[in-house]
Amino acid sequence: VITSEALQQHAQPDNLWMALHGLVYNLTEFAARHPGGSGIIASLAGSDATAAFQTVHSEDLLQPFQQQQAGGSSQSSLVMGRFDAPAGGAAAAPTRSITEEELKQHVTADDCWVVFHGVVYDMTQFSKTHKGGAYMITKHAGKDATDTYKVFHKKDKLALVANHQVGIFAGSESGLT
């Protein structure tokens, strides 16, 4: 059984593990062949990526990886073991309260926090692999980008960056601009 803490230790470019539907997969070598690019695997490594996976794939897609494990092929390391999810299922939702003042301290390409649907995300690393380009994210650094986000994405796409959640946006009296 692989704990959440152990899983988090495998989020480097040469060591990419993630939990999907209760199993932990070592996707280090597969990442280079992933049709959606290696960036998405790298951005979700070290976490339970089930919610993000489900936005694009069905669970059936994992069957060949599980069969390889059972068959003892050379790629059997793709499935590492059962995932011991934290109490309550997947990673807990952020509870830290982020003020407008704190949010506005993270406004550069190298330190980019953005609000989507009331949640603050550290988009620094994700922006580098964003298919719409880093500019589309960094131009909203330190701001609420929910309205712009809704034009291009459904809300469930935020599952792709769930592991980048920093906290809940506390807002301000004057409103966020």
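Structure shown above.
Within any chain, residue numbers begin from 1 and follow the written order of that chain's sequence. Residues qualify for local features only when their pLDDT is at least 70, as the model is predicted, and side-chain atom pairs are given and counted only at 80 or more; totals for whole chains, interfaces and linings, by contrast, use all residues. To obtain the side-chain values, all non-hydrogen atoms of the structure were used and water was disregarded.

Thoughts on the sheet that holds strand β6 (residues 97–99)
Here is step 1: Ordered in space as β6-β10-β9-β8-β7, the five strands form an open sheet in which the pairing is mixed. A single partner strand is all that each edge strand has here, and the edge strands are β6 and β7 (107–108).
Here is step 2: Note: two strands are recorded as paired if DSSP finds a minimum of 2 bridges between them. Helix and strand assignments come from DSSP, with helices taken as H or I runs of at least 4 residues and strands as E runs of at least 2, each series counted from the N terminus. Of the pairings in the sheet, the one linking β6 to strand β10 (residues 165–171) comprises three bridges and is parallel in character. By the bridge assignment, I98 is partnered in β10 with F169.

Comments concerning the packing of aromatic side chains
The way to describe two aromatic rings as a pair is by their centre distance and the angle between their planes.
Here is step 1: A pair of Phe, Tyr and Trp rings is counted when the ring centres sit within 6.5 Å of each other, with Trp represented by its six-membered ring. The angle between the planes then sorts it: under 30 degrees is stacked, over 60 is edge-to-face, the rest tilted. Within this structure, the stated rule accounts for two aromatic pairs.
Here is step 2: Between F116 and Y121 the ring centres are 5.7 Å apart and the planes differ by 55°, which places this aromatic pair in the tilted class.
Here is step 3: Ring centres of F116 and Y149 lie 5.1 Å apart, and the angle between their planes is 50°; this geometry places the pair in the tilted category. Residue F116 is located in strand β8 (residues 111–116), and its partner Y149 is located in helix α8 (residues 146–152); the two are separated by 33 residues in the primary sequence.
Here is step 4: Residue F116 is classed as buried on the basis of its relative accessible area, which comes to 8%.
Here is step 5: Here a set of aromatic residues connected by ring pairs shows up, and it is made of F116, Y121 and Y149. The buried label goes to any residue with under 20% of its type's maximum accessible area, the exposed label to any with over 50%, and the partly exposed label to all in between, with areas taken from a 1.4 Å probe on protein chains only.

Focus: the nonpolar core
Side chains of nonpolar character tend, in soluble globular proteins, to be buried together.
Here is step 1: Formed by 20 residues in total, the largest nonpolar core has its most connected members in M18, L20, Y25, L27, I41 and F65.
Here is step 2: Secondary structure elements with two or more residues in this core: β3 (15–20), β4 (23–26), α2 (38–44) and α3 (50–54).
Here is step 3: In terms of residue count, the dominant contributor to this core is β3 (three residues).
Here is step 4: Should any heavy atoms of two residues lie within 4.5 Å, those residues are counted as being in contact. Sequence-distant contacts of L20, that is, excluding residues within four places in its chain, are made with Y25, A49, T50, F53 and L62.
Here is step 5: Residues C112, V119, F126 and A145 belong to the second largest nonpolar core, which totals 13 residues. Residues belong to one nonpolar core when they are buried, are Ala, Val, Leu, Ile, Met, Phe, Trp, Tyr or Cys, and are joined through side-chain atoms within 4.5 Å.

Overview of the sheet that holds β4
Here is step 1: In spatial order, the strands read β1-β5-β4-β3-β2; together these five strands make up an open sheet with mixed pairing. Lying at the two open borders of the sheet, with one neighbouring strand each, are β1 (2–3) and β2 (11–12).
Here is step 2: Alignment of β2 against β3, held across two bridges, turns out to be antiparallel. Paired with Q12 across the two strands is N15, which belongs to β3.

Some words on unusual backbone geometry
Here is step 1: Positive phi, close to 50°, is recorded for H21, a residue that is not glycine.
Here is step 2: Along the chain, H21 turns up in the loop between β3 and β4.
Here is step 3: Phi angles above zero are rare outside glycine, and H117 is one such case at about 50°.
Here is step 4: As for its placement among the helices and strands, H117 is situated in the loop between β8 and β9 (119–122).
Here is step 5: Residue classification places H117 among the partly exposed residues on the basis of a relative accessible area of 26%.

Here's the deal with the pairing of β4
Here is step 1: Residue alternation in β4 divides its side chains into two sets, L23 and Y25 and V24 and N26, and both sets are buried.
Here is step 2: If you look at the hairpin formed by β3 and β4, you'll find two residues sitting between the two strands, and H21 has a positive phi there, around 50°.

A closer look at the pattern of salt bridges
Here is step 1: Salt-bridge detection follows one rule: a side-chain nitrogen of Lys or Arg within 4 Å of a carboxyl oxygen of Asp or Glu. Taken as a whole and assessed by the stated rule, the structure comprises two salt bridges.
Here is step 2: E100 is paired through a salt bridge with K104; the nearest N and O atoms lie 3.4 Å apart.
Here is step 3: Judged by relative accessible area, which is 37%, K104 ranks as partly exposed.
Here is step 4: In this structure, K150 and D147 form a salt bridge, with 4.0 Å as the shortest nitrogen-oxygen distance. Remark: D147 and K150 occur in helix α8; sequence separation between them is three residues, near one turn of the helix.

Purely geometric stuff here, so don't read any function into it on its own.
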